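Chain by chain, the residues:
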Amino acid sequence: MNIDLKNDLLNLPKLQLQVDTIVFDSIDSKPNWSKAYEQLDGLLQKVAQNFNSYIASNEGAMPKASTYWTLYMDIAAKILYFTGLAQSHLIDEQDPEARAQILERYQISVSCLPNASLEENEEFISEVKKSIGELTGKTSEIKLSEKTATCFEKFSGFTKSYE
């Protein structure tokens, strides 16, 4: 999948449309977990690399909170979650490393979600909690980020593996 850039910024409406299309076509309508995982993981890699490039071009400084970056993190959080969800349907349930990686993606997805306490995010957070419960067999607390700067830090930590 191709992601459009303009002045080193992602075309977020197009990225959101790509995510929505993958989720609708390969998860919600007629599950094709391997296709969903392949496409979402590709998007996740590109978003992570774009974030790393932005930080590198700004001498290591995190982005300033803005509408663009809030939407960016919201989309990144959803890509992380749905990539983990697709992966969870592809792994051997007895593989502790894969289960830990998926659990980490779920946790990071809610840590990267800006304005997590807003009502509009309740359904997403509920879905993540349900997926964590299905993966671990128990309910667990998740850590939400209230500040966009905290979201950037959490996502930055995750994206280091893509450098």
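As shown above, the structure is provided for reference.
Report follows, based on the coordinates. (Residues numbered from 1 in each chain as written. Predicted model: local features only at pLDDT ≥ 70, side-chain atom pairs only at ≥ 80, totals over all residues. Heavy atoms only, no water.)

1. Description of the environment of Ile-132
One can find Ile-132 in helix α5 (residues 122-136). Separated by 49 residues in sequence, Ile-132 and Thr-83 have C-alpha atoms that sit 14 Å apart. (Helix = DSSP H or I, 4+ residues; strand = E, 2+ residues; numbered from the N terminus.)

2. A word on the environment of Lys-160
Mapped onto the elements of the fold, Lys-160 is located in the segment after α6 (148-159). Under the relative-accessibility criterion, Lys-160 is labelled partly exposed at 43%. A sequence separation of 112 residues divides Lys-160 from Ala-48, and the C-alpha atoms of the two residues are 8.3 Å apart. (Buried < 20%, exposed > 50% of the residue type's maximum accessible area, 1.4 Å probe, protein only.)

3. Thoughts on the nonpolar core
Soluble globular proteins tend to bury their nonpolar side chains together. Leu-15, Val-47, Tyr-72 and Phe-155 are the most contacted members of the largest nonpolar core, which totals 50 residues. Looking at this core, the elements that each hand over two or more residues are α1 (12-29), α2 (33-57), α3 (67-88), α4 (96-111), α5 and α6. Considering every element that reaches this core, the biggest residue donor is α3, with 13 residues. Excluding residues within four positions of it along the chain, Tyr-72 makes contact with Leu-10, Leu-12, Val-47, Asn-50, Phe-51 and Phe-155. (Core = buried A, V, L, I, M, F, W, Y, C linked by side-chain atoms within 4.5 Å. Contact = heavy atoms within 4.5 Å.)

4. Topic: the packing of α3 against α4
Close contact between α3 and α4 brings their axes to 8 Å; oriented N to C, the two are set at 155 degrees. By the criterion of interaxial angle, the relationship of α3 to α4 is roughly antiparallel. Regarding α3 and α4, the two cross each other, and that crossing is left-handed. From α3, Ala-77, Leu-80, Tyr-81, Thr-83, Gly-84, Leu-85, Gln-87 and Ser-88 reach across to α4, where they touch Gln-101, Ile-102, Arg-105, Tyr-106, Ile-108 and Ser-109. Looking at the contact of α3 with α4 residue by residue, the class counts come to seven nonpolar, six polar and one charged. (Axes fitted to C-alpha atoms, helices over the stretch in contact; angles between N-to-C directions. Parallel < 35°, antiparallel > 145°, perpendicular 65-115°, else oblique. Left-handed = near helix turned anticlockwise from the far one by under 90°. Nonpolar A, V, L, I, M, F, W, Y, C, P; charged D, E, K, R; others polar.)

5. Some details on unusual backbone geometry
Look at Glu-59: it is not a glycine, yet its phi comes out positive at around 55 degrees. By the secondary structure assignment, Glu-59 is in the loop between α2 and α3. For Glu-59, a relative accessible area of 79% translates into the label exposed.

6. Notes on the packing of aromatic side chains
Tallied over the full model, the rule gives 13 aromatic pairs. Arranged with centres 6.0 Å apart and planes meeting at 45 degrees, the rings of Tyr-68 and Tyr-72 form a pair that is tilted. Taken together, the positions of Tyr-68 and Tyr-72, both in helix α3 and four residues apart, correspond to about one turn of that helix. With centroids separated by 5.5 Å and ring planes inclined at 85 degrees, the aromatic side chains of Tyr-81 and Phe-124 adopt a geometry described as edge-to-face. Residue Tyr-81 is found in helix α3, and its partner Phe-124 is found in helix α5; the two are separated by 43 residues along the sequence. Summarising the burial analysis for this pair, Tyr-81 and Phe-124 share the class buried. The structure contains a cluster of three or more aromatic residues connected by ring pairs, namely Phe-51, Tyr-54, Tyr-68, Trp-69, Tyr-72, Phe-152, Phe-155 and Phe-158. Sitting over the face of the ring of Phe-124, Lys-78 holds its NZ or CZ atom 5.1 Å from the ring centroid. (Phe/Tyr/Trp six-rings, centres within 6.5 Å; stacked < 30°, edge-to-face > 60°. Lys NZ or Arg CZ within 6 Å of the ring centre and 35° of its normal.)

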